[in-house]
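This is what each chain is made of:
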Amino acid sequence: MLGALGQILIYIVPFLLVLTFIVTIHELGHFLVARAFGVKVDRFAIGFGRAIFSRTDRHGIEWRLGWMPLGGYVKFSGDLDASSVPDQAGLAELRQRLVAQGGAGAERDYFHFKPVWQRALIVVAGPAANFILAISIFALVFMTIGTQIRPARVAQIQAGSPAAAAGFQVGDLITGVNGRTVRDGGEVTQTVMLSTGDPVRFTVERGAQTVELVAVPERREENDPIAGRIKVGRIGLGLGASRADVRHLRYGPLEAVTEGVRQTGEIIGSTLTYLGRLVTGRESGDQFSGPLGIAKATGALTTAAVEADPAPQAMALNLLLTLTSFAAILSIGIGFLNLLPIPVLDGGHLLFYGYEAVARRPVAARYQEMGYRAGLALLAGFMLFATWNDLQKLNLFQFLGGLVS
């Protein structure tokens, strides 16, 4: 009993807290920009299901806390359906009803009758809030705690590996990858991971010399303590900066924000690189994770933070730092996902608004319906695929096979 309760506290609770926080910020982005443009809002909800707290303010907005902490939502007044993009006939019917209820001009307070550029900004505000949240978290960490820069010093080389074939030597300092200057060993690792089968050019300092080396990463399966079993590119290098190499940096406010933007941009860039290589068949899809994988990663990070220092104050600080940093990365992922041009997502709305801006009329109802059905099917397929990945990385099928045999 205590074991099951402990697993829930370590894996489920932190995951739900982080997810609900991120989705709330996303919806708050939609809400704030909508209110800035005078859009009437019926409800702002955190969580789903029956309300455990509800209050209606003087603007008629219901603030609700649901019992299921699985995110949240904003309900604009006059929403007709899940698409939130009614066609010409739907708009005419809605306008007639609103004018009958509130008089001429009453429709101007409703989302669907705002100029298309305002609706587009309201939609973009959700993902933008996710990116701003990530930048803010990174900046706060860089200002208060700082970061350690561990130069990419070669500590060991596997025999027969691509690194050995390329001519790497112990003690080499990698200062550039593919023409881009690198400061930290993590930047080198990230590039190699997403370059399986492609030549990678390394700029190396070897004593007083600067040497150019080329290695082709090989795909290897590894058991990552956070992500589980994944296949990534490796060249057989072990990086290990000496104590003299390591630098601890703490940034001022402007530098911290700049570094936060850079960090966010790098994560988005890595995501785009991975998706591009996935589409062209140069990467497997095993790095996709669904709710199970994210919950496992949250639990692993929580466990590591708790075990790092048993002192209550240090444990609480480590846990706060770990979960907020993870929230920043997950927030970028949710913001990016929502911008994909898939109906049902924010990017799908933007796609429809783009058509409306050019054609001067909304997309026809039947095409909207087809788009949303296709979008839902695509998202359902993605979730099934991600869940399958999660189960494989958790070795569940091997476990079941062992039980059967």
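Everything numeric in this text was worked out from a predicted model, so none of it was measured.

Some thoughts on helix H9 (residues 346-359)
Here is step 1: Spanning 14 residues, H9 covers 20 Å between terminal C-alpha atoms, matching the ideal 20 Å at 1.5 Å per step.
Here is step 2: When we look at burial in H9, the residues that qualify are Asp 346, Gly 347, Gly 348, His 349, Phe 352, Tyr 353 and Glu 356.
Here is step 3: Directly after H9, the chain includes Arg 360, whose backbone phi takes a positive value near 65°.

So, the UniProt feature "domain: PDZ" (unreviewed entry) in the protein chain
Here is step 1: Residues given the UniProt feature "domain: PDZ" (unreviewed entry) here are residues 145-184.
Here is step 2: Between the C-alpha atoms that bound residues 145-184 the distance is 17 Å, and the span itself is 12% helix and 40% strand.

Focus on the side chain of Ser 331
Here is step 1: Within the secondary structure, Ser 331 sits in helix H8 (residues 312-338).
Here is step 2: For Ser 331, a relative accessible area of 0% translates into the label buried.
Here is step 3: For Ser 331, the residues in contact, after removing those within four places along its chain, are Ile 22, Asn 130 and Leu 133.

So, unusual backbone geometry
The phi angle of most residues is negative, glycine excepted, and most peptide bonds adopt the trans form.
Here is step 1: Despite not being glycine, Asn 178 has its phi angle at roughly 55°, a positive value.
Here is step 2: With respect to the helices and strands, Asn 178 occurs in the loop between strand S5 (173-177) and strand S6 (180-181).
Here is step 3: The phi angle at Val 344 is positive, at roughly 95°, despite the residue not being glycine.
Here is step 4: Positionally, Val 344 belongs in the loop between H8 and H9.

Digging into the packing of aromatic side chains
Here is step 1: Throughout the structure, instances matching the rule amount to 9 aromatic pairs.
Here is step 2: Here Phe 31 and Phe 44 contribute two aromatic rings whose centre-to-centre distance is 5.5 Å and whose plane-to-plane angle is 75°, an arrangement assigned as edge-to-face. One end of the pair, Phe 31, is in helix H1 (residues 2-36); the other, Phe 44, is in strand S1 (residues 41-56), with 13 residues separating them in the sequence.
Here is step 3: Classification of Phe 31 by relative accessible area gives buried; the value is 7%.
Here is step 4: The exposure class of Phe 44 is buried, given its relative accessible area of 4%.
Here is step 5: With centroids separated by 5.0 Å and ring planes inclined at 10°, the aromatic side chains of Phe 76 and Phe 111 adopt a geometry described as stacked. With Phe 76 in strand S2 (residues 62-76) and Phe 111 in the loop between helix H2 (88-102) and helix H3 (116-144), this pair connects stretches of sequence that are 35 residues apart.
Here is step 6: Three or more aromatic residues joined by ring pairs make a cluster, and in this case those are Phe 31, Phe 44 and Trp 63.

Observations regarding a nonpolar patch on the surface
Here is step 1: Judged by side-chain polarity, Ile 52, Phe 53, Leu 65 and Trp 67 come together as a nonpolar surface patch covering roughly 450 Å² of accessible area.
Here is step 2: Secondary-structure elements contributing two or more residues to the nonpolar patch are S1 and S2.
Here is step 3: The topology assignment puts Ile 52 in strand S1.
Here is step 4: Overall, the relative accessible area of 59% leaves Ile 52 in the exposed class.

Criteria and cut-off values
Residues numbered from 1 in each chain as written. Predicted model: local features only at pLDDT ≥ 70, side-chain atom pairs only at ≥ 80, totals over all residues. Heavy atoms only, no water. Helix = DSSP H or I, 4+ residues; strand = E, 2+ residues; numbered from the N terminus. Expected span 1.5 Å × (residues − 1). Buried < 20%, exposed > 50% of the residue type's maximum accessible area, 1.4 Å probe, protein only. UniProt positions renumbered as here; feature names shortened; annotations may be inferred. Contact = heavy atoms within 4.5 Å. Phe/Tyr/Trp six-rings, centres within 6.5 Å; stacked < 30°, edge-to-face > 60°. Patch = residues over 30% accessible without salt bridge, like charges linked within 9 Å, V, L, I, M, F, W, Y side chains within 5 Å. Areas by Shrake-Rupley, 256 points an atom, 1.4 Å probe, with all protein chains shown as cover. Salt bridge = Lys/Arg side-chain N within 4 Å of Asp/Glu carboxyl O.

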